[in-house]
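Structural characterization, general
Here's the letter readout for the chains.
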Amino acid sequence: MATLFCAAACRLPVSPPAAAPGRARRGLVVAVRAEAGVGGINPSIRKEEEKVVDTVLAGELSKPLTPYCRCWRSGTFPLCDGSHVKHNKATGDNVGPLLVKK
Ligand code: FES
């Protein structure tokens, strides 16, 4: 199988989602849309860092289900704090968290 890489600027290898039992895995499409004229998708999180990268060991999560931010608006980034709701209402976007199961 070919190695997949993050479609954003990070270029880190990523694992494709597992196929549902009894089903073949279909193609993976990853899209990142930068907001024109505002310098990318990250408005303010850890801008002093060259690249914002976080690592999580799912087995060490304290809760059975942990939401991770994908909208870049969370005050508790990388965790979701619900800020995507305000962003979606203001912009008409449809972003939401990545839910990681322990
Ligand atoms: Fe960003 Fe929820 S706050 S996805």
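Everything numeric here is computed off the predicted structure, so don't read it as measured data.

A short note on the overall build of the protein chain
- The number of helices and strands found in the protein chain is one helix and four strands.
- Along the protein chain, from the amino end to the carboxyl end, the secondary structure elements read β-β-β-α-β.
- Looking at the 102 residues of the protein chain, the share that counts as buried comes to 18%.
- If you take every contact in the protein chain between residues at least 6 apart in sequence, the share linking residues at least 24 apart comes to 45%.
- Surface summary for the protein chain: the accessible area is close to 7900 Å², and the carbon and sulfur share equals 56%.

Observations regarding helix H1 (residues 83-91)
- Burial in H1 covers these residues: His84, His87 and Asn88. In an axial view of H1, the angular spread of the buried residues amounts to 100°, which keeps them on one side of the axis. H1 presents Lys86, Lys89 and Ala90 as exposed residues on the side facing more than 90 degrees away from its buried surface.
- One or two residues past the end of H1 sits Gly92, with phi positive at roughly 80°.

Describing the UniProt feature "domain: Iron-binding zinc finger CDGSH type" (unreviewed entry) in the protein chain
- UniProt's feature table lists "domain: Iron-binding zinc finger CDGSH type" (unreviewed entry) at residues 51-90, given in the numbering used throughout.
- For residues 51-90, the helix share is 20%, the strand share is 10%, and the end-to-end C-alpha distance is 27 Å.

Conventions we followed
- Residues numbered from 1 in each chain as written.
- Predicted model: local features only at pLDDT ≥ 70, side-chain atom pairs only at ≥ 80, totals over all residues.
- Heavy atoms only, no water.
- Helix = DSSP H or I, 4+ residues; strand = E, 2+ residues; numbered from the N terminus.
- Buried < 20%, exposed > 50% of the residue type's maximum accessible area, 1.4 Å probe, protein only.
- Contact = heavy atoms within 4.5 Å.
- Areas by Shrake-Rupley, 256 points an atom, 1.4 Å probe, with all protein chains shown as cover.
- Arc of directions from axis to C-beta.
- UniProt positions renumbered as here; feature names shortened; annotations may be inferred.

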